[in-house]
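# Observations on the model geometry
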Amino acid sequence: MNWPLHAKRVRSSRATLELNAASAAVSPAPAVDALGVCPLQRVGNTPLLRFESLARGMLHVQVLGKAEWLNPGGSVKDRAAFNIIETALRSGALRGKRLLDAISGNTGIAYAMVGAARGVEVTLCVPANVSAERKRILAAYGAEIIWTDPQEGTDGAIRLARQMHDAEPDRYFYADQYSNDANWLAHYHGTAAEIWSQTRGAITHFIAGVGTSGTFVGTTRRLKELNPKVRAISVQPDSAFHGLEGLKHMPTAMVPRIYDPSLANAMVEVSTEAAYEMVKRMVRTAGVLLGVSAGAALVAAEKVAQQAAASDHVAVIVAVLPDSGDHYLSENFWNE
Ligand SMILES: Cc1ncc(COP(=O)(O)O)c(C=O)c1O
């Protein structure tokens, strides 16, 4: 990603101290540029993986997946959290305040990671049924967590975050990832540009699940500007009660302000069971351990691939794979 942070070439403080000591003596020591990369510079620029088994026997079809778990916090949400925090720091909206938001897991890890690295204190409202692994990771990063009723899902967490902000507006900067334009803009400037150059402009279909919808909205908007013929397919759970962590069943959920359903050429509903099956199939046949919403995206990608092959169309299908399966290893479907 081309964020301002990257532009800064800093000298390590140790090198600077040595430099000062040396110049006080006889001759200045040679300047030493900081080596390695700042962890936040690793946000974005994820690889595009080819899933040959999903297009086997299809002459003109490729199925590709954006490996978002390779972001430093382990998910696609690093992109949004990074841009939300950087934008708020630049505008002064975070001055003297804690960041507050409602999250379902990955965003919390991303906020906590970026917050730790940028010196921003973080308070998160989180449904108590997020996986055991996620609870531990959130605790490790040291963010303040307020658990909310699992029956109310992320919508319950959103209601609580709003109440807390209304009660103490001077204490909290309410990041509100569901309404914050910095969320989808992270994908407009980052994810879409990467997919465009990684496919050398050959992408024909873009597929992503919708939670806040930042990934789908931002990436689709930019890809359609680059080529209006790109077809955008959104992925949703097939019912209100589902196990596709991170995704929303829009007909029954609080609809995010940044969501624009008119961007989608099609919407594919995926069952939790089909996503679980795809996760098991990919780890055992492709050697890739995917998260459940990534499994759902590949269920939709396989469907699109079959349709393209049946009508003998050329198709370069790119699906966003938000996180890896290591966050879901305690789920029961592994024993079935
Ligand atoms: C695992 C997972 N998949 C998909 C999504 C959806 O991404 P977005 O919020 O950009 O729609 C999220 C969001 O938190 C997620 O955690």
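For clarity, every value in this text was computed on a predicted model and none was experimentally measured.

### Some thoughts on the site of the ligand
- In the vicinity of the ligand lie 22 residues, with G211, T215, G246, S293 and P322 positioned nearest.
- Contributions of two or more residues to the shell around the ligand are made by α4 (106-118) and α8 (214-226).
- Counting residues per element, the shell around the ligand draws most heavily on α8, which supplies three residues.
- Taken together, the residues of the shell around the ligand sort by class into five nonpolar, 14 polar and three charged.
- Here the shell around the ligand spans two domains, since at least three of its residues come from each of domain 1 (42-74 + 190-335) and domain 2 (77-174).

### Some details on the packing of helix α7 (residues 181-198) against α8
- Their axes nearest at 7 Å, the elements α7 and α8 cross at an angle of 50°. Of the possible angle classes, the one that applies to α7 and α8 is oblique. When the axes of α7 and α8 are compared, the crossing they make is right-handed. Of the residues in α8, those touching α7 at N183, W184, L185, A186, H187, Y188, T191, A192, A193, I195 and W196 are G214, T215, V217, G218, T219, R221, R222, L223 and L226.
- Taken together, the residues of the contact of α7 with α8 sort by class into 11 nonpolar, seven polar and two charged.

### Some details on the environment of V283
- Structurally, V283 can be placed in helix α9 (residues 272-285).
- Classification of V283 as partly exposed rests on a count of 16 C-beta atoms within 10 Å.
- Between the alpha carbons of V283 and A102 there is a distance of 31 Å; along the sequence they are 181 residues apart.
- Contacts of V283, omitting those with residues within four sequence positions, involve V288, L289 and G325.

Thresholds applied
Residues numbered from 1 in each chain as written. Predicted model: local features only at pLDDT ≥ 70, side-chain atom pairs only at ≥ 80, totals over all residues. Near = placed C-beta within 6 Å. Helix = DSSP H or I, 4+ residues; strand = E, 2+ residues; numbered from the N terminus. Nonpolar A, V, L, I, M, F, W, Y, C, P; charged D, E, K, R; others polar. Domains from an automatic or database assignment. Axes fitted to C-alpha atoms, helices over the stretch in contact; angles between N-to-C directions. Parallel < 35°, antiparallel > 145°, perpendicular 65-115°, else oblique. Left-handed = near helix turned anticlockwise from the far one by under 90°. Contact = placed C-beta atoms within 7 Å. Buried ≥ 20, exposed ≤ 12 C-beta atoms within 10 Å, placed from the backbone.

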